[in-house]
Amino acid sequence: AQKVTQAQTEISVVEKEDVTLDCVYETRDTTYYLFWYKQPPSGELVFLIRRNSFDEQNEISGRYSWNFQKSTSSFNFTITASQVVDSAVYFCALSEERSWGKLQFGAGTQVVVTP
Amino acid sequence: DTAVSQTPKYLVTQMGNDKSIKCEQNLGHDTMYWYKQDSKKFLKIMFSYNNKELIINETVPNRFSPKSPDKAHLNLHINSLELGDSAVYFCASSQGSGYTGELFFGEGSRLTVL
């Protein structure tokens, strides 16, 4: 069963609009980590953020912000004032304590930012 | 200096052939991984090695055989290639189990089987 669900397959926005990517996860572990990775058109996977299950503080890094809510098992990602360079596939991933680094990825959300 | 490097970046071959993809990391990590990204961009782990010991072996056809000569290298050999093996293969590394930290990915090796 899919443990990480990214229901949005593609989101298209015009530059400067905000875009929020949804991520819902499923785990029975009390200790786990959540990640977001970016895959630009060039194909590499770029780490964006890691959050552990005990830290529900939201985080902001420049134009990026993350909202972690254990009550709804969600770890959403917002890009504020989007730019063309934000066009990429964004993956949410889950790592469980018992899984020895096995990252379970969501299906990804393609973000298209047009000028 | 590239942290995790894979060779080749592109590989086009015929069905039935055997091919290898090599991966090296210079980060001093002790755990390495192979992930497969299919045509729909779905990423799935295949194998993980910690200090040359196989830790994770997902349900992968036994035509796929990883080999870790030392903790800085993890190669992937594929026998009798099939059309469905066409994908991008990513190597990654981490320190320790990778459970708590980020994985460092290589640039990927795009395999096309004709």
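Structure shown above.
Note that this is a predicted model, so its numbers are computed, not measured.

1. Describing the overall build of chain B
Reasoning step 1: A tally of regular secondary structure across chain B gives 0 helices and 11 strands.
Reasoning step 2: Taken from N to C terminus, the helices and strands of chain B fall in the order β-β-β-β-β-β-β-β-β-β-β.
Reasoning step 3: Taken against the 2.2 N^0.38 rule, which gives 13 Å for 114 residues, the C-alpha radius of gyration of chain B at 13 Å falls within 12% of a compact globule.
Reasoning step 4: In terms of overall dimensions, chain B has a C-alpha envelope of 35 × 30 × 25 Å along the principal axes.
Reasoning step 5: The burial tally for chain B puts 46% of its 114 residues in the buried class.

2. Re the sheet that holds strand 3 (residues 19-25) of chain B
Residue and element names in this part refer to chain B.
Reasoning step 1: Overall, antiparallel pairing links the 4 strands, which are arranged 1-3-8-7 in an open sheet. For this open sheet the edge positions go to strand 1 (4-7) and strand 7 (64-70), each flanked by a neighbour on one side alone. Averaged over all adjacent pairs, the angle separating strand axes in this sheet is 20°, with direction ignored.
Reasoning step 2: One ladder, built from 4 bridges, connects strand 3 with strand 8 (residues 73-78); its direction is antiparallel. Bridge pairing links Ile21 to Leu76 in strand 8.

3. Let's talk about the pattern of salt bridges
Reasoning step 1: All told, the structure shown has 9 salt bridges over all chains when counted by the stated rule.
Reasoning step 2: Several salt bridges share partner residues, and in doing so they unite Arg51, Asp55 and Glu59 of chain A into one network.

4. Notes on the interface of chain A and chain B
Reasoning step 1: Taken residue by residue, the interface counts 24 residues in chain A and 23 residues in chain B.
Reasoning step 2: Buried surface at the junction of chain A and chain B, summed over both partners, amounts to about 2000 Å²; 63% is from carbon and sulfur atoms.
Reasoning step 3: At the junction of chain A and chain B, the tally comes to 1 salt bridge.
Reasoning step 4: Measuring nitrogen to oxygen at the nearest pair gives 3.3 Å for the salt bridge that ties Lys102 of chain A to Glu58 of chain B.
Reasoning step 5: Taken together, the connections running from chain A to chain B amount to 4 residue pairs in polar contact (both at pLDDT 80 or more).
Reasoning step 6: Looking at the side of chain A that touches chain B, the elements with two or more residues in it are strand 5 (32-39), strand 6 (46-52) and strand 10 (88-96) of chain A.
Reasoning step 7: Of all the elements, strand 5 of chain A adds the most residues to the side of chain A that touches chain B, at 5 residues.
Reasoning step 8: In terms of residue class, the side of chain A that touches chain B is built from 12 nonpolar, 8 polar and 4 charged.

5. Digging into the pairing of strand 5 of chain A
Residues and elements named next belong to chain A.
Reasoning step 1: Of all 8 residues making up strand 5, 8 are buried, and the element is well covered by its neighbours.
Reasoning step 2: Alternating residues of strand 5 divide into Tyr32, Leu34, Trp36 and Lys38 and Tyr33, Phe35, Tyr37 and Gln39, and every residue in both groups is buried.
Reasoning step 3: Taken together, the 6 bridges between strand 5 and strand 6 define a ladder with antiparallel strand orientation. Across the sheet, Trp36 pairs through a bridge with Ile49, a residue of strand 6.
Reasoning step 4: Connecting strand 5 to the next strand, strand 6, in antiparallel fashion are 6 residues, including Gly43 with a positive phi near 105°.

6. Some remarks on the packing of aromatic side chains
Given two aromatic rings, their pairing is described by the distance between the two centres and the angle made by the two planes.
Reasoning step 1: According to the stated counting rule, one finds 21 aromatic pairs over all chains in the structure shown.
Reasoning step 2: Centre to centre, the rings of Phe105 of chain A and Phe105 of chain B are 6.3 Å apart; their planes meet at 65°, and the pair counts as edge-to-face. Taken as a pair, Phe105 of chain A in strand 11 (residues 104-105) and Phe105 of chain B in strand 10 (residues 104-105) lie in two separate chains rather than in one.
Reasoning step 3: Of the residues examined, Phe105 of chain A reaches a relative accessible area of 3% and is grouped as buried.
Reasoning step 4: Centre to centre, the rings of Tyr33 of chain B and Tyr35 of chain B are 6.3 Å apart; their planes meet at 45°, and the pair counts as tilted.
Reasoning step 5: Residue Tyr33 of chain B is classed as buried on the basis of its relative accessible area, which comes to 0%.

7. Observations concerning the state of the cysteines
Reasoning step 1: Evaluation of the coordinates by the stated rule reveals 2 disulfides over all chains.
Reasoning step 2: Put simply, Cys23 of chain A and Cys92 of chain A are joined by a disulfide, and their sulfur atoms are 1.9 Å apart. The disulfide joining Cys23 of chain A to Cys92 of chain A has a torsion of about -70° about its S-S bond and is therefore left-handed. With Cys23 of chain A in the loop between strand 3 (19-21) and strand 4 (24-25) and Cys92 of chain A in strand 10, this pair connects stretches of sequence that are 69 residues apart. In this structure, Cys23 of chain A and Cys92 of chain A share a single accessibility class: buried.
Reasoning step 3: Disulfide pairing places Cys23 of chain B opposite Cys91 of chain B at an S-S distance of 1.8 Å. An S-S torsion of about -80° defines the bridge between Cys23 of chain B and Cys91 of chain B as left-handed. On the criterion of sequence distance, the pair formed by Cys23 of chain B in strand 3 and Cys91 of chain B in strand 9 (residues 87-94) is long-range, its members being 68 residues apart. Just as Cys23 of chain B is buried, Cys91 of chain B falls in that class too.

Rules behind the numbers
Residues numbered from 1 in each chain as written. Chains lettered and ligands numbered in written order. Predicted model: local features only at pLDDT ≥ 70, side-chain atom pairs only at ≥ 80, totals over all residues. Heavy atoms only, no water. Helix = DSSP H or I, 4+ residues; strand = E, 2+ residues; numbered from the N terminus. Rg over C-alpha atoms; globule rule 2.2 N^0.38 Å. Buried < 20%, exposed > 50% of the residue type's maximum accessible area, 1.4 Å probe, protein only. Pairing = 2+ DSSP bridges. Axes fitted to C-alpha atoms, helices over the stretch in contact; angles between N-to-C directions. Salt bridge = Lys/Arg side-chain N within 4 Å of Asp/Glu carboxyl O. Contact = heavy atoms within 4.5 Å. Buried area = accessible area lost by both parts, 1.4 Å probe. Polar contact = N/O pair within 3.5 Å; in protein donor to acceptor, adjacent residues only side chain to side chain. Nonpolar A, V, L, I, M, F, W, Y, C, P; charged D, E, K, R; others polar. Phe/Tyr/Trp six-rings, centres within 6.5 Å; stacked < 30°, edge-to-face > 60°. Disulfide = S-S within 2.5 Å.

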